[in-house]
Amino acid sequence: MRIAIVTDAWLPQTNGVVTTLSRTAKALRELGHDVRLFTPEPYRTIPCPSYPEIRLSLFAGRRLRASLIDFAPDAIHIATEGPLGLAARGYCKRHRLVFTTSYHTQFPAYVRKRFPIPERWTYRFVRWFHNAAHCTMVPTPAIVEDLRENGFHNPVLWGRGVDTDLFKPSDASRDSRASPIFLYVGRIAVEKNIDAFARMKLPGRKIVVGDGPDLPRLRKQFPDCIFTGYKFGRELVDIIASADVFVFPSRTDTFGLVMLEAMACGVPVAAYPVPGPVDVVRHGITGWLSESLDRAVQGALTLDRADCRAHALRNGWARCSEQFANHLVATTGPDTLSLAMPEIRNGANRGDNLPGSLRRGNCNEDRPTNR
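Quick look at the structure, then. (Residues numbered from 1 in each chain as written. Predicted model: local features only at pLDDT ≥ 70, side-chain atom pairs only at ≥ 80, totals over all residues. Heavy atoms only, no water.)

1. A few points about the overall build of the protein
Item 1. The helix and strand inventory of the protein stands at 15 helices and 14 strands.
Item 2. The buried share of the protein, taken over its 371 residues, is 56%.
Item 3. Residue pairs at least 24 apart in sequence account for 64% of intrachain contacts in the protein once pairs closer than 6 positions are excluded.
Item 4. Accessible surface, the protein: about 16,000 Å² in total, of which carbon and sulfur atoms supply 51%. (Helix = DSSP H or I, 4+ residues; strand = E, 2+ residues; numbered from the N terminus. Buried < 20%, exposed > 50% of the residue type's maximum accessible area, 1.4 Å probe, protein only. Contact = heavy atoms within 4.5 Å. Areas by Shrake-Rupley, 256 points an atom, 1.4 Å probe, with all protein chains shown as cover.)

2. Observations regarding the nonpolar core
Item 1. Phe167, Leu183, Val185, Ile240, Phe246, Met263 and Val269 are the most contacted members of the largest nonpolar core, which has 54 residues in total.
Item 2. Examining the composition of this core, we find that 7 residues originate from one element, helix α10 (residues 257–264), more than from any other.
Item 3. With residues near it in sequence (within four places) discarded, Val185 still touches Val209, Leu236, Ile240, Phe246 and Val258.
Item 4. The next biggest cluster of nonpolar side chains, apart from the first, holds 24 residues, and it includes Ala198, Val274, Leu293 and Ala300. (Core = buried A, V, L, I, M, F, W, Y, C linked by side-chain atoms within 4.5 Å.)

3. With respect to the packing of helix α2 (residues 61–71) against helix α3 (residues 83–94)
Item 1. Contact pair α2 / α3: the axes reach a minimum separation of 9 Å and the direction vectors enclose 55°. Taken together, α2 and α3 sit at an angle that is classed as oblique. Viewed along their axes, α2 and α3 form a crossing whose handedness is right-handed. Counting all contacts with α2, which are made through Gly61, Leu64, Arg65, Leu68 and Ile69, the residues of α3 involved are Leu84, Ala87, Ala88, Tyr91 and Arg94.
Item 2. Residue composition of the contact of α2 with α3, by class: 7 nonpolar, 1 polar and 2 charged. (Axes fitted to C-alpha atoms, helices over the stretch in contact; angles between N-to-C directions. Parallel < 35°, antiparallel > 145°, perpendicular 65-115°, else oblique. Left-handed = near helix turned anticlockwise from the far one by under 90°. Nonpolar A, V, L, I, M, F, W, Y, C, P; charged D, E, K, R; others polar.)

4. Some points on the sheet that holds strand β5 (residues 75–78)
Item 1. Taken together, the 6 strands give an open sheet; going across it, the order is β2-β1-β5-β6-β7-β8, and neighbouring strands pair in parallel fashion. The sheet is open, and its two edges are formed by β2 (34–38) and β8 (155–157), each paired on a single side. When the angles between neighbouring strand axes are averaged without regard to direction, this sheet yields 25°.
Item 2. Taken together, the 4 bridges between strand β1 (residues 2–6) and β5 define a ladder with parallel strand orientation. Looking at the pairing, Ile5 lines up with His77 of β5.
Item 3. Packing of α3 onto the sheet brings it into contact with β1, β2 and β5, and relative to β5 it is tilted by some 145°.
Item 4. Contacts from helix α14 (residues 317–327) reach β1, β5, β6 (100–102), β7 (136–138) and β8, with the element oriented near 145° to β8. (Pairing = 2+ DSSP bridges.)

5. Some remarks on the sheet that holds strand β11 (residues 226–229)
Item 1. Taken together, 6 strands build an open sheet; the order of strands is β11-β10-β9-β12-β13-β14 and the sheet is parallel. Looking at which strands have only one partner, the edges of the open sheet turn out to be β11 and β14 (287–289). The average angle at which neighbouring strand axes cross in this sheet is 25°, direction not considered.
Item 2. Of the strand pairs in this sheet, strand β13 (residues 269–271) and β14 are connected by 3 bridges, and their pairing is parallel. Paired with Val269 across the strands is Gly287, a residue of β14.
Item 3. The sheet contacts of helix α9 (residues 233–242) involve β9 (181–185) and β10 (205–209), and relative to β9 the element is tilted by about 135°.
Item 4. Sitting on the sheet, α10 is in contact with β9, β12 (245–248) and β13, with an inclination near 175° to β12.

6. Description of the packing of aromatic side chains
Item 1. Applying the stated rule across the entire model yields 6 aromatic pairs.
Item 2. Centre to centre, the rings of Trp158 and Phe324 are 4.8 Å apart; their planes meet at 45°, and the pair counts as tilted. With Trp158 in the loop between β8 and β9 and Phe324 in helix α14, the pair connects residues that are 166 residues apart, well separated along the chain. For the pair Trp158 and Phe324, a shared accessibility class is recorded, and that class is buried.
Item 3. Taken together, the aromatic side chains of Phe125, Trp128 and Phe129 make up a single cluster linked through ring pairs.
Item 4. Looking at Arg251, its charged tip hangs above the ring of Tyr272, at a distance of 3.8 Å from the centre. (Phe/Tyr/Trp six-rings, centres within 6.5 Å; stacked < 30°, edge-to-face > 60°. Lys NZ or Arg CZ within 6 Å of the ring centre and 35° of its normal.)

7. Looking at the environment of Glu291
Item 1. Looking at the element boundaries, Glu291 is found in the loop between β14 and α12 (293–300).
Item 2. Among the residues examined, Glu291 registers a relative accessible area of 49% and is labelled partly exposed.
Item 3. Measuring from C-alpha to C-alpha, the distance between Glu291 and Val274 comes to 9.1 Å, with 17 residues separating the pair along the chain.
Item 4. Ignoring anything within four residues of it in the chain, the contact list for Glu291 reads Arg251, Tyr272 and Pro273.
Item 5. At 2.7 Å, the side chain of Glu291 forms a polar contact with the side chain of Arg251. (Polar contact = N/O pair within 3.5 Å; in protein donor to acceptor, adjacent residues only side chain to side chain.)

8. Brief notes about a nonpolar patch on the surface
Item 1. On the surface, a nonpolar cluster with roughly 290 Å² of combined accessible area is contributed by Ile46, Leu58 and Phe59.
Item 2. Assignment of secondary structure puts Leu58 in the loop between β4 (51–56) and α2.
Item 3. Its relative accessible area of 42% is what places Leu58 among the partly exposed residues. (Patch = residues over 30% accessible without salt bridge, like charges linked within 9 Å, V, L, I, M, F, W, Y side chains within 5 Å. Salt bridge = Lys/Arg side-chain N within 4 Å of Asp/Glu carboxyl O.)

9. Overview of the pairing of β9
Along a regular strand, successive side chains alternate from one face of the sheet to the other.
Item 1. Taking burial as the measure, the 5 residues of β9 include 5 buried ones, the bulk of the element.
Item 2. Taken together, the 5 bridges between β9 and β10 define a ladder with parallel strand orientation. If you follow Ile181 over to β10, its bridge partner there is Arg205.
Item 3. Looking at chain direction, β9 and β12 are connected through 2 bridges and run parallel. Bridged to Phe182 within β12 is Val245.

Treat this as a map of the structure, not an account of what it does.
Below is the structure:
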């Protein structure tokens, strides 16, 4: 099958959206599907106001539409609400093509932290954007419920995975150390609430790995923290595996993929009991959730690192990629496309000749009944 995934978030950005889309595309290609990612790479871009690392393809609409026509996808998934996502949405609406979307970030909360725009205004925009889709894929049950309460028509669950071959424990790096290490990894931006971690009085080293618009201010304001900038590959894994507690201070994440990566390295998580952590962390087993980060850290220090690793091993990318595939829908009608079906892999396109059980599929079937 030909699957088009349109995203404004892409390399060189380093974040959960990019990781999720690249790993999902890789898993689908391994099944034999033709997956094309439509990203800002081939277009002229401008830096996003207040966040120059994010590049916006403001003038790519016509070329994007021509590329979609040339590719003639069997399924179209729009991953982001930026300029490319808007252009793809417009193309689908104009040609009456059915598509799916995904909700990766708490967009209204992020905008509110940067600009004096009421969240209800931004929710109006994202509702308009996503309610035109057959379904909107979201990473946790808590976010499914939140979007329903905010007027989204058909949010469905699409979980996240972790590469447990790359992210794994390395106890040797901890043997000769006298004091504990407390770690944060991720974007250095206002919505991540890193100040809450940097202010903590902890009996050891506080390390912040990552980059972003808030890094210069935090370096100046919190000289007792170690700021490393970006780290990748084995170097990043070694840093994570050396930590005693992974501190996740964000209150606005939809998932927090890096928490799973920390668990895969055997590191328990300390976080607030908010959407994202409440669905990713097993309180008292793989981490500790509390409205007091200090209490969360103290609780996390008592946990068994082997339990964290065991939990991560149950959350591979193959599982969440299968979830994604099962939500896709044929562009020319409401037929759900089960990518595991041999009839489709062998050439049935756009929902033709699908078994009766797959005709007129309903994304609501995967909705969780509770948290």
